[in-house]
Amino acid sequence: MDIAFYVTAAVTILATLLVITRHNPVHALLYLNVSLLSHAMLFYLLGASFAALLEIIIYAGAIMVLFIFVIMLLNLGKETAEQERKWLKWQVWAGPSLLAAVLFVELVILVSSSDGTAYEPAEVTPREVALSLFQVYLIGVELAAMLLMAAVVGAAHIGRHKRLVLHRFLKEEPEENVHEEEPVL
Amino acid sequence: MKSSISIDMVILLAGLLFALGIAGVIIRKNIIFMLLSVEIMLNAAGLAFIAAGSRWGQPDGQVMFIFILAMAAAEVSIGLALILQIYHQHKSLDIDKLKEMNG
């Protein structure tokens, strides 16, 4: 059997486990980056070199930069780590982890009922991917373009700096009062 | 490079990563960590697609992975904008404090 696959799989699982248990956001982000890079290695071992490249460029490059920018903007540091340490108690994570473990055990039982024959992964070249993407799945590409456009417009709209929004009946209007009082003074 | 991988192992790995992502979403109270866990789950789904595409030697698995990637990029940009807005309005990332909808 292939030793590289198992080593990479172990690295992926360990890094992911560390992501969901770290207190400091930056540490969790760095471990997620390790996890994404080992995902890319797994894709390469499975013969999907184009997907491995995309994983590194888009996930480990672009999306992680977005996360880092947000953590920088929110100035999350030691206080957040302290807060997480208080929140992440044993009583909190025992139950949910048990439920997730039950789901995983169900999957193990389902998969083990099949005949697991080993195979040699054939490489699927970027040329085949491109031909399939722009012939069979052309409508999907156009829909993805619309989705990304909507995401950009939505993010620009949501991310605008607004003041605390009150209901319109609760809103005080100090300017009118000032105008009424001015003649008296 | 010669290698032989059992499809069961890859699917089990994807399932384990997905279960870890679910556990991360449930046990965390900070929204940023929940978004990170959602990313883990999306990656696990992508791994399952790639494994299936590699098993049958078809490009469809990678095509689906590209769609998942585009969806994840859109989701992250919207989610992070929402997180910034929530932090400006509530000065906190604790999901228990966000109960103005009384859900």
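Residues numbered from 1 in each chain as written. Chains lettered and ligands numbered in written order. Predicted model: local features only at pLDDT ≥ 70, side-chain atom pairs only at ≥ 80, totals over all residues. Heavy atoms only, no water.

### What about the layout of surface pockets?
Moving on, step 1. By volume, the largest pocket amounts to about 240 Å³.
Moving on, step 2. Taken together, 14 residues line the largest pocket, and the ones lying closest to its centre are A:Leu17, A:Ile20, A:Ser97, B:Leu20 and B:Ala23. (1 Å grid on protein atoms, 1.4 Å probe; cavity = no way out; pocket = protein on both sides within 12 Å on 5 of 7 lines; lining within 4 Å. Points joined across faces, edges and corners; volume = space filled by probe spheres on them.)

### Quick look at the confidence of the model for chain B
Moving on, step 1. Here chain B shows a mean pLDDT of 87. Residues at 70 or above account for 93%.
Moving on, step 2. Of all the helices and strands in chain B, strand β1 (residues 5-6) of chain B carries the lowest mean pLDDT, 80, while helix α2 (residues 31-56) of chain B carries the highest, 92. (pLDDT = per-residue confidence, 0-100. Helix = DSSP H or I, 4+ residues; strand = E, 2+ residues; numbered from the N terminus.)

### Brief notes about empty space enclosed by the protein
Moving on, step 1. Across all of its chains, the model carries one cavity of 30 Å³ or more by this definition.
Moving on, step 2. Looking at the largest cavity, its volume works out to about 40 Å³.
Moving on, step 3. Surrounding the largest cavity, A:Leu46, A:Gly47, A:Ala48, A:Ala122, A:Val124, B:Ile50, B:Gly53, B:Ser54, B:Gln58 and B:Gln62 form its lining.
Moving on, step 4. Residue composition of the lining of the largest cavity, by class: five nonpolar, five polar and no charged. (Nonpolar A, V, L, I, M, F, W, Y, C, P; charged D, E, K, R; others polar.)

### Focus: helix α7 (residues 138-158) of chain A
Moving on, step 1. With 21 residues, α7(A) ought to run about 30 Å at 1.5 Å a step, and its terminal C-alpha atoms sit 30 Å apart, in line with that.
Moving on, step 2. Taken together, the buried residues of α7(A) touch α3 (60-90) of chain B. (Expected span 1.5 Å × (residues − 1). Contact = heavy atoms within 4.5 Å.)

### What about helix α1 (residues 3-19) of chain A?
Moving on, step 1. For α1(A), with 17 residues, the first-to-last C-alpha span of 24 Å sits near the 24 Å given by 1.5 Å per residue.
Moving on, step 2. The complete set of buried residues in α1(A) reads A:Phe5, A:Thr8, A:Ala9, A:Thr12, A:Ala15, A:Thr16 and A:Val19. Each buried residue of α1(A) lies within a common arc of 135 degrees when the element is viewed along its axis, so the set occupies one face. Residues of α1(A) that are exposed and angled more than 90 degrees away from the buried face: A:Ile3 and A:Leu14.
Moving on, step 3. For α1(A), the elements touching its buried residues are α2 (25-45) of chain A together with β1, α1 (7-27) and α2 of chain B.
Moving on, step 4. For α1(A), the N-terminal cap is A:Asp2; the gap from its side-chain oxygen to the backbone nitrogen of A:Ala4 is 3.5 Å. (Buried < 20%, exposed > 50% of the residue type's maximum accessible area, 1.4 Å probe, protein only. Arc of directions from axis to C-beta. Polar contact = N/O pair within 3.5 Å; in protein donor to acceptor, adjacent residues only side chain to side chain.)

### Comments concerning the packing of aromatic side chains
Moving on, step 1. This structure, assessed with the given rule, holds three aromatic pairs over all chains.
Moving on, step 2. Measuring from centroid to centroid gives 5.0 Å for A:Phe43 and B:Phe65, while their planes differ by 75 degrees, and the two rings are edge-to-face. Of this pair, A:Phe43 sits in helix α2 while B:Phe65 sits in helix α3, which puts the two residues in different chains. Neither residue differs from the other here; A:Phe43 and B:Phe65 are each classed as buried.
Moving on, step 3. Ring geometry for A:Tyr137 against B:Phe67: centres 6.2 Å apart, planes inclined by 75 degrees, an arrangement best described as edge-to-face. Residue A:Tyr137 is located in the loop between α6 (126-135) and α7, and its partner B:Phe67 is located in helix α3; the two belong to separate chains. Neither A:Tyr137 nor B:Phe67 differs from the other in exposure class; each is buried.
Moving on, step 4. Between the NZ or CZ atom of B:Arg28 and the centre of the ring of B:Phe33, over which it lies, the distance is 4.0 Å. (Phe/Tyr/Trp six-rings, centres within 6.5 Å; stacked < 30°, edge-to-face > 60°. Lys NZ or Arg CZ within 6 Å of the ring centre and 35° of its normal.)

### Quick look at the interface of chain B and chain A
Moving on, step 1. Contacts between chain B and chain A engage 72 residues on the former and 86 residues on the latter.
Moving on, step 2. In total, about 7100 Å² of surface goes out of reach between chain B and chain A, with carbon and sulfur atoms giving 77% of it.
Moving on, step 3. Between chain B and chain A we count zero salt bridges in total.
Moving on, step 4. Summed over the shared surface of chain B and chain A, the result is seven residue pairs in polar contact (both at pLDDT 80 or more).
Moving on, step 5. Those elements that place two or more of their residues in the side of chain B that touches chain A are β1, α1, α2 and α3 of chain B.
Moving on, step 6. Looking at the side of chain B that touches chain A, the element that brings in the most residues is α3(B), giving 25 residues.
Moving on, step 7. A per-class count over the side of chain B that touches chain A returns 47 nonpolar, 17 polar and eight charged.
Moving on, step 8. In this structure, strand β1 (residues 118-119) of chain A lies alongside β1(B), joined through two bridges in antiparallel fashion. (Buried area = accessible area lost by both parts, 1.4 Å probe. Salt bridge = Lys/Arg side-chain N within 4 Å of Asp/Glu carboxyl O. Pairing = 2+ DSSP bridges.)

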